Each structure stands twice: as structure tokens, then as C-alpha cells.
Amino acid sequence: MNITIIGAGAVGRLWGCKLVNKHQVHFWTRDNSQRLAIQLSEMNTTQSPIHPESQQARTFHFEANQPALLTHSQLVLITVKAFQVEGAIEAIRPYLSPETAVVVMHNGMGSQQTVLNLLPDNPIIYATTAQAAFRPNEKEVCHTGIGPTLLGSLTPHANPYQQLGQIFNDVLPPCQWQEDINQPLWRKLAINCAINPLTALHNCKNGDLARAEFDTELTAICQEVAEVMSAEGYPVTASALRQLVDTVINATASNYSSMNQDVCHQRQTEIDYISGYLIARAAAHNIDVPHNHRLWQAIKELEGKYHDQ
Ligand SMILES: NC(=O)C1=CN([C@@H]2O[C@H](COP(=O)(O)OP(=O)(O)OC[C@H]3O[C@@H](n4cnc5c(N)ncnc54)[C@H](OP(=O)(O)O)[C@@H]3O)[C@@H](O)[C@H]2O)C=CC1
Ligand SMILES: CC(C)(CO)C(=O)C(=O)O
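This one's a predicted model, so the numbers in the text were calculated from it and none came from an experiment.

### Points about the overall build of the protein
Argument step 1. Tallying secondary structure elements over the protein gives 11 helices and 11 strands in all.
Argument step 2. The C-alpha radius of gyration of the protein comes to 19 Å, within 12% of the 19 Å expected for a compact globule of 309 residues.
Argument step 3. C-alpha extents for the protein along the principal axes are approximately 50 × 45 × 40 Å.
Argument step 4. Contacts in the protein between residues far apart in sequence, at least 24 positions, make up 70% of those at least 6 positions apart.
Argument step 5. Accessible area for the protein stands at about 14200 Å²; split by element, carbon and sulfur atoms hold 49% of it.

Dropping the structure here:
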């Protein structure tokens, strides 16, 4: 398959290095370079027993920013941050064939309508991943955690793309096709509403949220998210969400969340697509979400102070 990955960040690089073992992969970046070399290393992942060689860093070479390769891609995988999706699509739209399937993979929700409006003819697929990666420098990517990737179509004509579940699973398992991708997107949103703003505001690791002082707040956040999810047609109890959040807090205890890292480096966060999306959907159903609103506001205030320092 001819694949173009838009955004050579941590997630894009990880998928690029995995997909290139079986497919032609080309990158689209903001720096206009014609070539990209990426060194992938596996850290704390369990791939080594089967492929001991994968424990060593390996360098992969890619072509980049070639309009003809983008036009001939059967699949475009967008791995930019939620607030960068619109700009990324605007940039590639002149070269994109209407037949190319587009997979959008980011944390948070709320970009879907924009994508559908910008690309009314393309098959659109959304994805959420619990794989973890970070980019220590311009050359490297470290694969730091394994978790499921779930994919599913937003548009009816994307249904034939169910095979993508298998294609992604072949290179970076586990991955599964979903009948209704909004269900896992909402579950991931619940996790991010609970963990991301709190770890950013308290400058702590995910595992620190297991301390008793966060118990009441986590319960209140889950209660509000459960109400909104149920109103959206995804019924769930607050205690089920709390259990899910606790599981992720324990499984990622030593991680700093992406929002914690964004705030530490004074980068724009994805808060508008996490708590902000929840608040927007709550308003549509006349549901009060004061805890999530307070967290959204606190993160926006932090972002507002970046340039004052
Ligand atoms: N990292 C992780 O472990 C995980 C991340 N996620 C989610 O995945 C998404 C991506 O995360 P991550 O890879 O960490 O983020 P990064 O910031 O590392 O990567 C985003 C990349 O997109 C590039 N980009 C932005 N706009 C454009 C554009 N118009 N054209 C081309 N490239 C563009 C950026 O380029 P530039 O370098 O020029 O800024 C950057 O390299 C986020 O939503 C994140 O929350 C989900 C699960 C795990
Ligand atoms: C699941 C979690 C909280 C893992 O750190 C994440 O998705 C993030 O940091 O954005």
C-alpha cells in the first residue's frame, strides 16, 4: 500500500517505522525536506522476546514532501495534534485524490466535522491509540509503551476499509476495527479529561493521581463525563469510568501525561479538544459540568501566562 503520514512527530514516526516494513511510506512535514531518516528504539516494550533485534535502535529512511507521492497514496495517516488537523488538511488538500482514505489519529474529540467539511469525498476513518512514543530529538523516536489502537469509519463509504484493522495490526499490534469508533473515542476522552489537566496543573506523574487527595475530584470528573456520554448515546456509569481511569493511572503510573509535558514546555495543549469538547457537548444537552469547566479554565489560564514569563 502507498501511505503518506502527515506529521513526523512521536506518533507519526512510530507508525512510519512500523508500516515501512510492509508498505511504501512517505512523510509530509512542515519543513519541506525531501528525505527523512528516523532512528527507532524500543523502550520498556515487550517486543524483544520475539524479535531480539528490535531492542537495538534501527534507522529507517523515507521520502518526504513529494506532491506526486501524496497524490498516489491509497492511505493518508494524519498524526498531528487535534488543533493542527485543520491546517494540515488545508496544506495537503491540493494534492489529495478524493479516493484516498484518510485516517485521523489524535487525542481528544471535536475535529471530526472540520475534517468532513474539508474532505467531503474522501473515506474518513478515525483512530485512537494507546501506543506510546516520544521524540527525544530531531532524529529519533522511542517506542515507550504498547496498547491497543482502534479504528473505525466516520463515513459510510469508509466501511470497506475494515481491512485497515488487519493492516495496522500486522505491523503494530494490537489493533482492531470498530463498528462505532465514537465509543472508544469517548472512553479515551474520559481518560484524558481526568488525567491530563490534573497532572498538568499539579505537575505530577499519572501515578500520583492514585493518592487520596485526588479521589473526590476524579470521582466528580467521571460523574460529569458519564452524564454527557450517556446523553450522547453512550450510556456508562460514573463508577465504570472511574475504574477505567484508575486502570490507566496504574498502567501509566511513571508517565508524565502529554498535557503535563505541553505545559512544562509552554506548548499549546489539547485542552479545547478534551475538556473543551466535553463542555461543548454538555452545553448541547443542558448538563452542568463545573469540575471539568474549572479544569479547562485553569489550563487556559496557564497557557495565557506562557508569554508573560
Ligand atoms: N506521543 C504519544 O505517546 C501519544 C500521542 N497521542 C496523540 O497523538 C497526537 C500526536 O501526538 P505526538 O506525535 O506526540 O505529537 P507531536 O507534537 O510530537 O507531533 C505532531 C507533529 O505534527 C506536525 N505538524 C503539525 N502541523 C503540521 C502540518 N500542517 N503539516 C505537517 N506536519 C504538521 C508537527 O510538526 P512540527 O515538528 O513542525 O511542529 C509535529 O511534528 C496528539 O493528539 C497526541 O495527544 C496519542 C497517544 C500516544
Ligand atoms: C492516557 C494518557 C493520559 C497517558 O499519559 C494520555 O493519553 C496522554 O498523556 O495524553
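### Topic: the domain arrangement of the protein
Argument step 1. By the assigned domains, the protein splits into domain 1 (2–179) and domain 2 (183–308).
Argument step 2. The straight-line distance from the C-alpha centre of domain 1 to that of domain 2 is 25 Å.
Argument step 3. Both sides of the domain 1 and domain 2 interface together cover about 1400 Å² of buried area, and 62% of this is carbon and sulfur.
Argument step 4. Together, F83, N107 and M109 form the three largest contributors to the area buried by domain 1 at its contact with domain 2, with a combined 50%.
Argument step 5. At the boundary of domain 1 with domain 2, the tally comes to one salt bridge.
Argument step 6. As a salt-bridge pair, K81 and D262 come within 3.0 Å of each other at their nearest N and O atoms.
Argument step 7. On inspection of domain 1 and its partner domain 2, the count reaches five residue pairs in polar contact (both at pLDDT 80 or more).
Argument step 8. If one sorts the elements of the side of domain 1 that touches domain 2 by residue count, strand β7 (residues 124–129) sits on top with four residues.

### Comments concerning the side chain of H26
Argument step 1. One can find H26 in strand β2 (residues 24–28).
Argument step 2. A polar contact is formed between the side chain of H26 and the side chain of T4, at a distance of 3.0 Å.
Argument step 3. What H26 contacts, discounting residues up to four positions off in sequence, is I3, T4, I5, E63, A64, N65, Q66, L69 and L70.

### Comments concerning the packing of aromatic side chains
Argument step 1. Going through the model one piece at a time under the given rule, you end up with four aromatic pairs.
Argument step 2. With centroids separated by 4.9 Å and ring planes inclined at 40 degrees, the aromatic side chains of W15 and F168 adopt a geometry described as tilted. Placement of W15 in helix α1 (residues 10–19) and of F168 in helix α5 (residues 163–171) is noted, with a sequence separation of 153 residues between them. For the residue pair W15 and F168, the accessibility class agrees, reading buried in each case.
Argument step 3. Relative to Y95, the ring of W28 lies with its centre 5.6 Å away and its plane at 45 degrees, an arrangement referred to as tilted. Residue W28 is located in strand β2, and its partner Y95 is located in the loop between α3 (85–92) and β6 (101–105); the two are separated by 67 residues in the primary sequence.
Argument step 4. Overall, Y95 belongs to the partly exposed group, its relative accessible area being 32%.

### With respect to α5
Structural remark: α-helix, 3.6 residues per turn; residues separated by three or four positions point the same way.
Argument step 1. Among all positions of α5, only L164, G165, I167, F168 and V171 are buried. The buried side chains of α5 occupy one side of the element, clustering within an arc of 165 degrees when seen end-on.
Argument step 2. On its buried face, α5 is in contact with α1, β5 (75–78), β6, β7, β10 (149–153) and β11 (175–177).

### Some words on the environment of N203
Argument step 1. Here N203 lies in the loop between α6 (182–201) and α7 (215–231).
Argument step 2. Along the chain, N203 and L151 lie 52 residues apart, while their C-alpha atoms are 32 Å from each other.
Argument step 3. A polar contact of 3.2 Å, which involves the side chain of N203, links it to the side chain of N260.

The rules behind each value
- Residues numbered from 1 in each chain as written.
- Chains lettered and ligands numbered in written order.
- Predicted model: local features only at pLDDT ≥ 70, side-chain atom pairs only at ≥ 80, totals over all residues.
- Heavy atoms only, no water.
- Helix = DSSP H or I, 4+ residues; strand = E, 2+ residues; numbered from the N terminus.
- Rg over C-alpha atoms; globule rule 2.2 N^0.38 Å.
- Contact = heavy atoms within 4.5 Å.
- Areas by Shrake-Rupley, 256 points an atom, 1.4 Å probe, with all protein chains shown as cover.
- Domains from an automatic or database assignment.
- Buried area = accessible area lost by both parts, 1.4 Å probe.
- Salt bridge = Lys/Arg side-chain N within 4 Å of Asp/Glu carboxyl O.
- Polar contact = N/O pair within 3.5 Å; in protein donor to acceptor, adjacent residues only side chain to side chain.
- Phe/Tyr/Trp six-rings, centres within 6.5 Å; stacked < 30°, edge-to-face > 60°.
- Buried < 20%, exposed > 50% of the residue type's maximum accessible area, 1.4 Å probe, protein only.
- Arc of directions from axis to C-beta.

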